[in-house]
Amino acid sequence: MMTDPFLTHFACAKARSSRALAAAAALALAAAAFAQGPAPKAIVSSNILSTSSLVPGGQPDERFATDLGEIYRSPSGNRWILAFRTTQSRVGILTGQGPVAEVAFIADGNTQLPWTDDINPDFYRVEVPGAGGITSLEVDNGTYAINDAGDIAISLRETFSTNRVIAKRVAGVWSVAVRETTDIPFEATGEVFGGILVPFGISPTGADVYYRASATVGSLPDTQDDFIVLGPTLIQYNVTPVAGTGGRTFDNLGNALDIRSGSDATSWIASVDMSGATTDDEAVLVDGAIVVREGGTIGGLGVRGAGRLGAVAISGDGTQYIHRGQQTTGTVDWVNRSGSVVAQRLAPIVPASATTWAPFPNFARTFLSLDVNNAGQFSILGGTSTAGQNIARLIYNNERVLLSDRDAIDLDGNGLADDAAFADLNGGSGGELNVQVLGTDAVYAVVRIVDSATPAAGTFLGEALVRLPLVDEPACPTCPADFDQDGGVTGADVEAFFFAFESGDPCGDTDLDGGVTGADVEAFFVAFEAGGC
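Residues numbered from 1 in each chain as written. Predicted model: local features only at pLDDT ≥ 70, side-chain atom pairs only at ≥ 80, totals over all residues. Heavy atoms only, no water.

The next subject is the overall build of the protein chain. Helix and strand content of the protein chain: four helices and 34 strands. Every one of the 533 residues in the protein chain was classed for burial, and the buried ones make up 51%. Intrachain contacts of the protein chain at a sequence separation of at least 6 include 48% that bridge at least 24 residues. Accessible area for the protein chain stands at about 22,100 Å²; split by element, carbon and sulfur atoms hold 55% of it. (Helix = DSSP H or I, 4+ residues; strand = E, 2+ residues; numbered from the N terminus. Buried < 20%, exposed > 50% of the residue type's maximum accessible area, 1.4 Å probe, protein only. Contact = heavy atoms within 4.5 Å. Areas by Shrake-Rupley, 256 points an atom, 1.4 Å probe, with all protein chains shown as cover.)

In space, the four strands of this open sheet follow the order 22-23-24-25, with antiparallel pairing throughout. Across the chains shown, the open sheet's two edge strands, defined by having one partner strand only, are strand 22 (310-314) and strand 25 (340-344). Going from strand to strand, the sheet's axes swing by 25° on average, the running direction of each strand aside. Pairing analysis gives five bridges linking strand 23 (residues 321-326) to strand 24 (residues 333-337), with the strands arranged antiparallel. For glycine 325, the partnering residue across the bridge sits in strand 24 and is tryptophan 334. (Pairing = 2+ DSSP bridges. Axes fitted to C-alpha atoms, helices over the stretch in contact; angles between N-to-C directions.)

On the basis of which strands lie adjacent, the open sheet formed by four strands has the order 11-12-13-14 and antiparallel pairing. Lying at the two open borders of the sheet, with one neighbouring strand each, are strand 11 (196-202) and strand 14 (233-236). Taking the axes of each pair of neighbouring strands and ignoring which way they run, one obtains an average angle of 15° across the sheet. With six bridges connecting them, strand 11 and strand 12 (residues 209-214) associate as antiparallel partners. Bridging from a neighbouring strand, glycine 201 pairs with tyrosine 210 of strand 12.

Inspection of the secondary structure assignment puts valine 521 in helix 4 (residues 518-529). Taking the C-alpha atoms as reference, valine 521 lies 8.1 Å from phenylalanine 501; in sequence the two are 20 residues apart. Apart from residues lying up to four places away in sequence, valine 521 is in contact with Phe497, Phe498 and Phe501.

What follows concerns the side chain of threonine 384. On the secondary structure map, threonine 384 appears in strand 28 (residues 378-386). Residue class for threonine 384 comes out buried when judged on its relative accessible area of 0%. Here isoleucine 391 takes part through its backbone oxygen, which lies 2.5 Å from a polar atom of the side chain of threonine 384. One polar contact links threonine 384 to arginine 393, side chain to side chain, over a distance of 2.6 Å. The contact partners of threonine 384, leaving out residues within four places of it in the chain, are Ile349, Thr355, Thr356, Trp357, Ala358, Gln389, Asn390, Ile391 and Arg393. (Polar contact = N/O pair within 3.5 Å; in protein donor to acceptor, adjacent residues only side chain to side chain.)

Our next topic: the pairing of strand 30 (residues 400-404). Within a regular strand, side chains alternate between the sheet's two faces. Burial of strand 30 is extensive: four of the five residues sit out of reach of the surface. In the sheet, strand 29 (residues 389-396) pairs with strand 30 via four bridges, with the strands oriented antiparallel. Across the sheet, the residue bridging to isoleucine 395 is valine 401, located in strand 30.

Right, let's talk about the nonpolar core for a bit. Of all hydrophobic cores here, the largest spans 35 residues; its most connected members are Ile71, Ile93, Phe105, Ile154 and Leu465. The element best represented in this core is strand 4 (residues 80-86), accounting for five residues. Judged by nonpolar contacts, the second largest core, of 23 residues, contains Tyr396, Leu402, Ile449 and Leu470. (Core = buried A, V, L, I, M, F, W, Y, C linked by side-chain atoms within 4.5 Å.)

Here the structure, examined in full by the defined rule, presents 18 aromatic pairs. When the centroid spacing of 5.6 Å and the interplanar angle of 45° are considered together, the rings of tryptophan 115 and tryptophan 174 count as tilted. Linking tryptophan 115 in the loop between strand 6 (100-107) and strand 7 (144-146) with tryptophan 174 in strand 10 (residues 173-179), this pair joins segments that are 59 residues apart in sequence. Judged by its relative accessible area of 15%, tryptophan 115 is buried. On the basis of relative accessibility, which here comes to 15%, the residue tryptophan 174 falls in the buried class. Judged by centre distance (5.1 Å) and plane angle (70°), the rings of phenylalanine 524 and phenylalanine 525 are edge-to-face. Ring pairing ties together the aromatic residues Phe483, Phe497, Phe498, Phe501, Phe524, Phe525 and Phe528, which thus form one cluster. (Phe/Tyr/Trp six-rings, centres within 6.5 Å; stacked < 30°, edge-to-face > 60°.)

This paragraph deals with the packing of helix 3 (residues 491-502) against helix 4. Packed helices, taken two at a time, are described by the angle between their axes plus the distance between the axes. Between helix 3 and helix 4, whose axes approach to 11 Å, the crossing angle comes to 165°. Considered as vectors, helix 3 and helix 4 are oriented roughly antiparallel to each other. As for how helix 3 packs across helix 4, the hand of that crossing is right-handed. Note on element contacts: helix 4 touches helix 3 through Gly518, Asp520, Val521, Phe524, Phe525 and Phe528, opposite Asp493, Val494, Phe497, Phe498 and Phe501. Considering only residue class, the contact of helix 3 with helix 4 consists of eight nonpolar, one polar and two charged. (Parallel < 35°, antiparallel > 145°, perpendicular 65-115°, else oblique. Left-handed = near helix turned anticlockwise from the far one by under 90°. Nonpolar A, V, L, I, M, F, W, Y, C, P; charged D, E, K, R; others polar.)

Coordinates in, geometry out; function isn't part of it.
This is the structure we're talking about:
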C-alpha cells in the first residue's frame with residue numbers, strides 16, 4: 001500500500017505539536033505551583049508589635065512570648081493544638097478549628113488547676129531545670145494531644161503533690177487520666193509511673209489517652225522501665241517482642257515525635273530501635289508490623305540506620321502513613337508514603353520543575369517535617385535547590401509550593417503583605433519551621449519570622465502560626481458593605497457578613513484590627529448604611 005507523504009508529514013507534525021503542547025503544559029503547571037498568592041495570614045504570632053500577638057482572653061496587654069510550641073493535629077486534621085508562653089510569665093495551650101483559636105489552658109505558679117477543688121486545691125508547678133527554661137508543661141516538647149471532638153490531653157506537674165500528671169479536658173470537664181506514683185496498667189510487678197509522662201493521642205470519646213511513660217519506679221531494671229500505653233495494649237522496652245523479628249524487642253523509642261496514633265489505639269506508627277545486632281535494628285512500625293527496616297530497601301533505595309528514619313505521621317483512619325529515611329550509600333534522603341517513595345534528594349519538587357530537593361544549608365538532611373491525610377495527600381517541609389541556591393520550602397502533594405523561605409507573612413490579617421514580616425525557613429537550628437500539620441482545608445505551620453526578604457538576612461521578629469490554604473481562596477472584600485462582592489449593597493451582604501463573623505472567618509475582621517470581634521459588626525454596618533465605601 002502506498003503511503004501519502006502529505007499524511008505522513010501531517011502526522012509527524014501533529015505528534016511534535018502534541019509533545020510540545022504537553023511540555024508547555026507541564027512547564028505551565030510547574031510555574032503555577034511556584035506562584036505565591038496572597039501572603040499567608042498569621043492566626044497568632046509572638047511579634048509584640050502586631051495585634052496577632054495578643055493572647056485571646058488574656059490579661060491587659062498580655063502577648064505571646066518568643067517561642068510558640070510545636071503544633072499537632074487531631075486525627076482527621078479538623079483541629080490543631082500547640083503550647084505557648086506569654087510575656088506575663090504564663091504558659092498555656094492553644095487549640096483551633098481552622099483559623100479560629102481558643103486558649104484551652106493558661107497558668108502560672110498561682111493558678112489553681114481546674115481538676116482540683118477548694119477543699120484539696122493544687123496549683124501549677126513552674127520548673128526551670130536549666131538554661132533551656134523548660135516549664136513543667138514543656139512547651140517546646142509537644143506534651144499534648146487533641147481529638148476530632150476538641151478534647152485534649154496535657155502533661156504537667158502539680159505543686160503540692162509534686163506529681164506529674166496527664167490531665168484531660170473532655171466535653172469541657174477536666175480530670176486526671178494518669179498520675180505519677182500510680183500503678184501501671186496491665187503490668188504485674190507493681191511498678192508505678194515515674195516523672196516522665198508524654199501523651200501523643202486521645203481516643204474519639206476522650207475515654208483513653210495514649211502516652212509514653214519513662215523512668216518508672218519499682219523493681220524493674222532501668223533497661224525495662226519505659227512503656228507505651230495504647231488503650232489496652234502495653235509495650236514495654238526490652239520485653240515486648242517486635243512482630244516478625246524472631247523475638248527481638250523494643251529497645252528505644254527516642255522521643256515523643258517518634259510515635260503518633262490514628263483516631264484510636266488500633267492504628268499507630270513509630271520509629272524504633274530494636275534489641276540485637278546494630279546493622280538492622282532501626283525500623284518503622286505501623287500497627288506493630290515493620291514496614292521499613294535498616295538494611296532493607298524501599299522503592300529501589302536502600303535503608304540506612306544511624307538515626308535517619310523518623311518524622312513519622314499516620315492518617316486518622318490508619319490507612320496512610322509517611323516518614324523519612326536515607327539511602328544506605330551516599331546521602332540520598334527520601335520520603336516513604338505508604339510504601340511508595342514520593343520525594344527524594346535531587347528529584348524535582350513538582351513535575352517539570354528545575355527546582356530539586358536538597359539538604360538544608362545548616363542541617364544534615366533534606367526532609368524535616370511530614371504529614372499525610374486519609375486520602376494519601378501529603379505535605380513536606382524540605383530543603384530545595386534552584387540554580388545552586390538553597391531555599392527551604394513547604395510542598396503540598398508534589399503539586400503546590402505552599403510557602404518558601406522569605407515569603408511575606410500577613411501578621412495583621414488585612415490580606416496585604418504590608419507588615420515587613422517574612423518567613424525564615426532556612427534559619428534557626430536547621431530550617432526552623434518547628435512543625436507543620438495537614439488540616440482538612442489548609443496546612444498549619446509554626447514559622448520563624450524576620451524583617452527582611454533577603455535570604456540569610458534580617459532581624460528575628462518572633463514566631464507565627466500561619467494558615468496555608470490548599471486551594472486558592474477568594475480574597476476578602478475590599479469594601480465591607482458589598483460583602484458578597486456581587487457589585488451591589490443589599491440584604492445578602494448582611495447575611496454573608498454574619499456567616500463569616502460567626503464562623504470566625506478572618507474576612508469578618510472589617511475594622512482590620514487583627515481579630516474578629518464585636519467592633520467588626522459596627523464597622524460593617526457603618527459601611528453598609530452608608531451604601532458603600
